[in-house]
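Listed below are the residues making up each chain.
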Amino acid sequence: MTTPLDDLFVKVRAENRAALIAYIPAGFPSIDGCKKVIQAFVDGGVDAIEIGFPYSDPVMDGPTIQAAADTSLAQGTGAQDVFDALKAATDAGVAAVVMTYWNPIEKYGVEKFAQSIADNGGSGVITPDLTIEESSSWKQAVEKSGINPIYVVAPSTSASRLPQVTSRCGGFVYAASLMGVTGTRATVSSGAPDLVARIRTTTDLPIAVGLGVSTREQVKAVAGYADGVIVGSAFINALLNAPNEESGIAAVRTLASELALGVREGR
Amino acid sequence: MTTVDDLAGHFGPYGGRFVPEALIGALEELDAARIKAQTDSTFLEELAQLHRTYSGRPSIITEAKRFAEHAGGARIILKREDLNHTGSHKINNVLGQALLTKRMGKKRIIAETGAGQHGVASATAAALMGLECVVYMGEEDTKRQALNVARMKLLGAEVVPVTSGSRTLKDAINEAMRDWVTNVETTHYLLGTVAGPHPFPSMVRDFHKIIGEEAREQVLELTGRLPDAVLACVGGGSNAIGIFHRFISDTDVRLIGLEAAGDGVETGRHAATITGGSPGVLHGNRTYVLQDENGQTIESHSISAGLDYPGVGPEHAYLHDIGRAEYRAVTDAEAMHAFALLCQTEGIIPAIETAHALAGALQVGNELGKDAIILINLSGRGDKDVQTAAQYFGIPL
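Computed from a prediction, not measured in an experiment: that's the story for all the values here.

Would you explain the nonpolar core in this entry?
Soluble globular proteins: nonpolar side chains tend toward being buried together. Counting 156 residues, the largest nonpolar core has Ile24, Ile49, Ile51, Trp138 and Phe172 of chain A as its most contacted members. Excluding its chain neighbours within four sequence positions, the residues that come into contact with Ile49 of chain A are Ala22, Ile24, Ile38, Phe41, Val42, Ala89, Val94, Ala95, Ala96 and Val97 of chain A. Counting residues in hydrophobic clusters, the runner-up holds 37 residues, among them Ala74, Leu78, Ile352 and Ala361 of chain B.

Written as structure tokens, this is what we have:
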């Protein structure tokens, strides 16, 4: 059985381009505003959406996503809001996954969480702080519910460890472009193509690159060697910098359509 | 009976590693370095010499006879970690990890601190060994522990006030983790408690277990027998595990950890993680956590910055579950009563953290009666707390 995410990568491979994956935390800029952002992503040509589960202690995130998570949590965003946002994305016709730190999954119930992802049309879950050593209950849960477990690999991941991590992945492998936290940067790390090449020797799965990718030029460059390009903080900055929610959402739509050109220009 | 962590750092269901993949390499490098050091006579001698000639080990024990009159007449024995260089037990771990940092060829250490004791100890070790040192400290804590901020700066460290989240210890740890993910190649994260991802809980315990090893011998020599109970305050739990560990196999010795109840566990404004929390994952390990129904960390509250933490070391979680150690909660008011009592009966100003253990001794002494022997880890001195205590007791400054 394949997920919409699996199908998406078959499609973009056939079109000889990379997929554009956009990130937004559930409940940001507001519970309702998040659903409008999702529609703006789709209208702008985003291929897949990553719904963030805002968390109180996001050690992989820089100031931009921390600020978004704080705003979201202040409105009381919980698991149900995450599933609702996921459903809004899948109802809009794109592949969607959730990105969450581990504790909210454990608190919700590991098996129940995976099943709720599937029940809302979600393709998988990105787990940035779940190491493969601690993943046995998660492995069982994702197999049972038929969703993709997506792990992050880093430039520091050793040659011996890399195949152990990628063999646990489904949907795609998340390649962290650099050693650091999320956030926009002037340039994409030169280590990213090397990491993608190293990952390719261990798996046939698609590889998506995230961390520090924010402009059309950067997207174009990454699309030259990766199967997917993940953009998060740039969209959140567009929302944070806008005078109001409506103009923020318009800015998201504009940025998405620009970046959608970028993923088509890379090869 | 003993608690042995497995190779992946589990204590029963607790501990382990829940971290970004980017840190795995550094954690494995650290684990290899500390395992090698455990049997390396050069390392062990270097550390032992620093203990003898720099931090002042072995620390003495003091029998607190006048304080004991308020504790049911039980014999109260204080293990004087407050007399260590820098004023607390924290130096034990810091010297060990700083030596490991040099062995790993790293030139920069980062640390988190709550009360400032671990930050001061880290800045001290960095100065001694010529390492660059950056200390992350919640902005709230930089205000209530201004004296320690100045100490760290005098020692040449950079202090970064953390303005995210609740602006206390948990957020300082988040910020240190973010720095580490970014600079891991050149930087060692000198974590100050028995929490965090493996190998920190085991490694930090091993650097502190000397407290219990010394104290066990000293109490035997003084009294001719083992104590009935060993007490220590528990935030992350480093001083407690340090004094408990040698006694774990002495099954007749009760091990009692005192958590910070703040305004009272029932008020929700507390830092009593085992008493009032539930199992979850925080800062890289599975343990007891103060959390809501969505797994979001709940902010902790305590008059003591060093205990103001919504998690606890995973070995404590395990010792609690198997019933080998007991954990009780002491309110701000009870701790400050014991603080004043020790000042006025023994001429010792304890850290407010430590005062929680002293308050526990007043309870336990009255429960056990006059034939009992109670060993308390006097984990830190209260110089840094003079301002907080003066405000609490209405002494004009």
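Just to check I follow, could you spell out the interface of chain A and chain B for this structure?
By a widely used convention, the size of an interface equals the accessible area lost when the partners come together. Counting from both sides, the interface comprises 34 residues of chain A and, opposite them, 32 residues of chain B. Between chain A and chain B, roughly 2,700 Å² of surface is buried when both sides are summed, and carbon and sulfur atoms account for 47% of that area. By the criterion of area lost to chain B, the three top residues of chain A are Val59, Lys107 and Glu134 of chain A, representing 23% of everything that side buries. Summed over the shared surface of chain A and chain B, the result is three salt bridges. The residue Asp57 of chain A makes a salt bridge to Lys170 of chain B at a minimum N-O spacing of 2.9 Å. Applying the counting criterion to the chain A and chain B interface returns 19 residue pairs in polar contact (both at pLDDT 80 or more). Sorting the residues of the side of chain A that touches chain B by element identifies helix 3 (63–74), helix 5 (102–108) and strand 6 (152–153) of chain A as the ones contributing at least two each. In terms of residue count, helix 5 of chain A provides more of the side of chain A that touches chain B than any other element does, five residues in total. Of the residues belonging to the side of chain A that touches chain B, the class tally is 18 nonpolar, nine polar and seven charged.

Help me out: how do you make sense of unusual backbone geometry in this one?
Only a minority of non-glycine residues have a phi that is not negative, and only a minority of peptide bonds are not trans. A cis amide bond links Phe28 of chain A to the next residue, Pro29 of chain A, at an omega of 0°. Position of Pro29 of chain A among the secondary structure elements: in the loop between strand 1 (19–25) and helix 2 (31–44). Of note, the amide linkage connecting Arg57 of chain B to Pro58 of chain B takes the cis form, showing an omega dihedral of -5°. Mapped onto the secondary structure, Pro58 of chain B falls in the loop between helix 2 (41–55) and strand 3 (61–63). The backbone phi angle of Leu211 of chain A is positive, close to 85°, even though this residue is not glycine. By the secondary structure assignment, Leu211 of chain A is in the loop between strand 8 (207–210) and helix 10 (216–223). On the accessibility criterion, Leu211 of chain A (7% relative accessible area) is buried. At Arg167 of chain B, a residue that is not glycine, the phi angle is positive and equals roughly 60°. By the element assignment, Arg167 of chain B lies in the loop between strand 7 (158–162) and helix 8 (169–183). When its relative accessible area of 33% is taken as the criterion, Arg167 of chain B is described as partly exposed.

How should the pairing of strand 3 (residues 95–99) of chain A be read in this particular structure?
For a regular strand, the rule is simple: side chains alternate between the two faces of the sheet. Residue and element names in this part refer to chain A. Among the five residues of strand 3, five are classified as buried, and the element is accordingly described as predominantly covered. The alternating pattern of strand 3 places Ala95, Val97 and Met99 and Ala96 and Val98 on opposite faces, both of which are buried. Pairing of strand 2 (residues 48–52) with strand 3, which is carried by five bridges, proceeds in the parallel orientation. Residue Gly52 lies in a different strand from strand 3, and its bridge partner there is Met99.

Rules behind the numbers
- Residues numbered from 1 in each chain as written.
- Chains lettered and ligands numbered in written order.
- Predicted model: local features only at pLDDT ≥ 70, side-chain atom pairs only at ≥ 80, totals over all residues.
- Heavy atoms only, no water.
- Core = buried A, V, L, I, M, F, W, Y, C linked by side-chain atoms within 4.5 Å.
- Buried < 20%, exposed > 50% of the residue type's maximum accessible area, 1.4 Å probe, protein only.
- Contact = heavy atoms within 4.5 Å.
- Buried area = accessible area lost by both parts, 1.4 Å probe.
- Salt bridge = Lys/Arg side-chain N within 4 Å of Asp/Glu carboxyl O.
- Polar contact = N/O pair within 3.5 Å; in protein donor to acceptor, adjacent residues only side chain to side chain.
- Helix = DSSP H or I, 4+ residues; strand = E, 2+ residues; numbered from the N terminus.
- Nonpolar A, V, L, I, M, F, W, Y, C, P; charged D, E, K, R; others polar.
- Pairing = 2+ DSSP bridges.

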